[in-house]
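If you want the building blocks of each chain, they are given just below.
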Amino acid sequence: MSNRLTVIAGPTAVGKGTVVRQILEKNRTVRLSVSATTRVPRPGEQDGVDYFFLSHEEFDQMIENGEMLEYAVVHGVNKYGTPRKPVQEALNKGFQVVLEIDIQGARQVKKSMPDALLVFIAPPSWQELERRLASRATESTEEQKRRLETARIELMAQSEFDEIVINEDVAKCADEVLDLMQA
Ligand code: 5GP
């Protein structure tokens, strides 16, 4: 497997998280970067595992110090970003690193690390995406509406990616992404 960075992006509720978990289970030489966010933790989420949960001040300080590989305001409210150091360390140790980030972040990575592989996870259809978001039920109706608006814009950015993989079946989707990472 080549030693490089893979960015996985795609609209809300497309199942990126589940696909990424399968990738990590299937291949032990892949590491997932833990992002920083100003969003409040959801029930069960752990600091340093799911995210580094930071205050706006702490987040801005990291940006100022040049400690973010990329960052973006996602869904119009909170900041999300990739701490640079752990990614660099994992790459240096020979791991493949996966970033699960939004489209704006993906664009920034492509600019600063042109060798990165950009994979877009797409839903089988728009209707299916709406259904998945509603059935997840972790967000308020207001938040769901905002996320669907972002999703509509994100789907239009598919062509900027190196590869598009449709998440019809999670295991199959994870295998396809792993194949691309190995290519
Ligand atoms: P959630 O609030 O559901 O955990 O994540 C919301 C969105 O933030 C997801 O679409 C996810 O891709 C994006 N995101 C998570 N971490 C990062 C990051 O480090 N950088 C960027 N740019 N986006 C991120």
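Residues numbered from 1 in each chain as written. Predicted model: local features only at pLDDT ≥ 70, side-chain atom pairs only at ≥ 80, totals over all residues. Heavy atoms only, no water.

Student: So what about the sheet that holds strand E4 (residues 52-53)? Which residues, and what values?
Tutor: The strand order E4-E3-E6-E5 describes an open sheet built from 4 strands, whose pairing is mixed. Of all strands in the sheet, those with a lone pairing partner are E4 and strand E5 (68-74), marking the two edges. Taken together, the 2 bridges between strand E3 (residues 36-37) and E4 define a ladder with parallel strand orientation. Following the sheet pairing, Thr-37 is matched in E4 by Phe-53. (Pairing = 2+ DSSP bridges. Helix = DSSP H or I, 4+ residues; strand = E, 2+ residues; numbered from the N terminus.)

Student: Residues and numbers for the site of the ligand, please.
Tutor: The local shell around the ligand holds 17 residues, among which Ser-35, Arg-39, Tyr-51, Tyr-80 and Asp-102 are the closest. Within the contact set of the ligand, an oxygen atom lies 2.5 Å away from a side-chain nitrogen or oxygen of Tyr-80. Take Thr-82: an N or O atom from its side chain is 3.4 Å from an oxygen atom of the ligand. Contact with the protein chains covers 94% of the free accessible surface of the ligand, which is 510 Å². (Near = heavy atom within 4 Å. Polar contact = N/O pair within 3.5 Å; in protein donor to acceptor, adjacent residues only side chain to side chain. Areas by Shrake-Rupley, 256 points an atom, 1.4 Å probe, with all protein chains shown as cover.)

Student: How would you explain the pairing of strand E7 (residues 96-100) if you had to name every residue and give the values?
Tutor: For a regular strand, the rule is simple: side chains alternate between the two faces of the sheet. The element E7 is largely enclosed, with a buried count of 4 among its 5 residues. Summarising the sheet, strand E1 (residues 5-9) and E7 pair through 4 bridges and their orientation is parallel. Each bridged residue has a counterpart across the sheet, and for Ile-8 the counterpart in E7 is Glu-100. Sheet topology places strand E2 (residues 30-32) next to E7; 3 bridges connect them, and they run parallel. (Buried < 20%, exposed > 50% of the residue type's maximum accessible area, 1.4 Å probe, protein only.)

Student: If you had to explain the pattern of salt bridges to someone new, which residues and values would you point to?
Tutor: What the rule picks out here adds up to 14 salt bridges. Across the pair Glu-139 and Arg-42 runs a salt bridge whose closest N-O atoms are separated by 3.1 Å. Here the residue Glu-139 occupies a position in the loop between helix H5 (126-136) and helix H6 (141-155), and Arg-42 occupies one in the loop between E3 and E4, the gap between them amounting to 97 residues. Here Glu-139 falls in the buried class, since its relative accessible area comes to 10%. (Salt bridge = Lys/Arg side-chain N within 4 Å of Asp/Glu carboxyl O.)

Just geometry here; none of it tells us what the structure is for.
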